[in-house]
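Observations on the three-dimensional arrangement
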Amino acid sequence: MLKVIVVDDEPLARKGMLVRLKEFTELTIIAECSNGEQAIESIRQLQPDLVFLDVEMPGIDGFTVLKQLQQLNIRLPYVVFVTAYDHYAFNAFEVSALDYVLKPVEPERLRQAVEKVLKVFQAQDSQRHKGQLAEAVAKLTGDETNNILQRLDNAEPVVNERYPDAISIKDSGEITRVPVSAIEWVDAAGDYMCIHTRDGQTHILRRTMKELELELDPRLFVRVHRSAIVNVHTIAKLQMLANGEHQLMLTNGQAVKVSRSYKDRVKQVFSQ
């Protein structure tokens, strides 16, 4: 439901617009204004989604209303200009109005303008929700926001919800299956991963940190550094060091440095 303000200095024209707009169930009229000053104050206080704004008004005309709103750093609503003269059309689009309708307003032309506004609003609202979802998933998984948005646009799964129960590690002709639940933490050593398990063993895996991270459930493992991943159940406490840096103390006594870029993600573990 879009909140709408109608601005027109002619009472009959204003009333006619109000009557026609009531036919659109997607719109709700929250105010009507008879001059530019009232329009500026109502927009500032009520923050409408859409304004039908008369161009020719004594004192402050429609274009000046928008300019003053911009000077006051007030969020601009969608705007449809209403005018008796089509030569204002170019100026209307110069100030980013979505559309303009000519007086006397024809029902079909008004319907087209409203539908145009609704399509723009729905598209922007959808994109805003996508952005919020992508940011939330990025914080949880460590994936790039742009990658998540691309998967959303392609109707692909945002995250892989099926994670392996064990990781196979080849070493000297043998393959060892290490249960994921036994992993306490992982650190990078050049082109290798050192997987430390709760029985005190260290398994060497030739994989990149990014590849391994994608196989680990982000609800159970958190990236704390570009070269370290930690099982959240092994975290005992988060410490702030004298130099302003942070480190995690694990239940086995191991200290793991937390880089600045992953600090917020680590703090989320303590808020759960």
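Residues numbered from 1 in each chain as written. Predicted model: local features only at pLDDT ≥ 70, side-chain atom pairs only at ≥ 80, totals over all residues. Heavy atoms only, no water.

A separate point is the side chain of S259. With respect to the element layout, S259 can be found in the loop between β15 (255-258) and α8 (263-271). Once you skip the residues sitting within four places of it in the chain, S259 turns out to touch V224, H225 and R226. (Helix = DSSP H or I, 4+ residues; strand = E, 2+ residues; numbered from the N terminus. Contact = heavy atoms within 4.5 Å.)

Further remarks concern the sheet that holds β15. As summarised here, the arrangement of the three strands in space is β13-β14-β15, forming an open sheet in which the pairing is antiparallel. Strands with a single pairing partner mark the edges of an open sheet, and in this sheet they are β13 (235-240) and β15. Taken pair by pair, the neighbouring strands of this sheet meet at an average axis angle of 25 degrees, ignoring direction. Pairing of strand β14 (residues 246-250) with β15 involves four bridges; the strand directions are antiparallel. Bridge pairing links M249 to A255 in β15. Most of the contacts of α8 go to β13, to which it runs at about 130 degrees, and overall it touches β13, β14 and β15. (Pairing = 2+ DSSP bridges. Axes fitted to C-alpha atoms, helices over the stretch in contact; angles between N-to-C directions.)

Attention now moves to the side chain of S42. In this structure, S42 sits in helix α2 (residues 36-46). On the accessibility criterion, S42 (16% relative accessible area) is buried. Residues in contact with S42, not counting those within four places in the same chain, are I5, C33, Q47 and P48. (Buried < 20%, exposed > 50% of the residue type's maximum accessible area, 1.4 Å probe, protein only.)

For the structure shown, the criterion picks out 14 salt bridges. Among the salt bridges present, the one from E41 reaches R44, with a minimum N-O distance of 2.5 Å. Residue E41 and its partner R44 are located together in helix α2, separated by three residues, close to a single helical turn. Residue E41 is classed as partly exposed on the basis of its relative accessible area of 33%. Judged by relative accessible area, which is 41%, R44 ranks as partly exposed. Within the structure, one salt-bridge network assembled from shared partners comprises D8, E10, D54 and K103. (Salt bridge = Lys/Arg side-chain N within 4 Å of Asp/Glu carboxyl O.)

Turning our attention to the sheet that holds strand β12 (residues 228-231). In any sheet, the strands associate via hydrogen bonds between backbone groups, in a parallel or an antiparallel arrangement. The five strands lie next to each other as β10-β9-β8-β12-β11, forming an open sheet whose pairing is antiparallel. Here the strands that pair on one side only, and so sit at the sheet edges, are β10 (202-205) and β11 (221-225). Direction aside, neighbouring strands of the sheet carry axes that sit 20 degrees apart on average. Relative to β12, β11 is paired through four bridges, and the arrangement is antiparallel. Directly across from F221, in β12, lies its bridge partner N231.

Turning next to the nonpolar core. Ranked by internal contacts, the top residues of the largest apolar core, which has 21 residues, are M17, L21, L27, L50, F52, L110 and V114. Tallying contributions element by element places helix α5 (residues 107-141) first for this core, with five residues. Ignoring anything within four residues of it in the chain, the contact list for L110 reads M17, R20, L21, F24, F52, V101 and V105. Listed in part, the 20 residues of the second largest apolar core include A39, I40, V51 and V65. (Core = buried A, V, L, I, M, F, W, Y, C linked by side-chain atoms within 4.5 Å.)

Moving on: α8. Residues spaced three or four apart along an α-helix face the same direction, because each turn holds 3.6 residues. All of the buried residues in α8 are R265, V266 and V269. All buried residues of α8 project into a common sector of 100 degrees when viewed along the axis, lining one side. Facing away from the buried side of α8, by more than 90 degrees, are the exposed residues D264 and S271. (Arc of directions from axis to C-beta.)

What follows is about the packing of aromatic side chains. Evaluated as defined, the whole model comprises two aromatic pairs. Ring geometry for F63 against F81: centres 4.9 Å apart, planes inclined by 50 degrees, an arrangement best described as tilted. Of the two residues, F63 sits in helix α3 (residues 62-71) while F81 sits in strand β4 (residues 78-83), which places them 18 residues apart along the sequence. Accessibility assignment for this pair places F63 and F81 in one class, buried. Look at Y78 and F121: their rings are 6.0 Å apart centre to centre, the planes differ by 85 degrees, and that puts the pair in the edge-to-face class. Taken as a pair, Y78 in strand β4 and F121 in helix α5 lie far apart in primary sequence, 43 residues in all. For F121, a relative accessible area of 22% puts it in the partly exposed group. (Phe/Tyr/Trp six-rings, centres within 6.5 Å; stacked < 30°, edge-to-face > 60°.)

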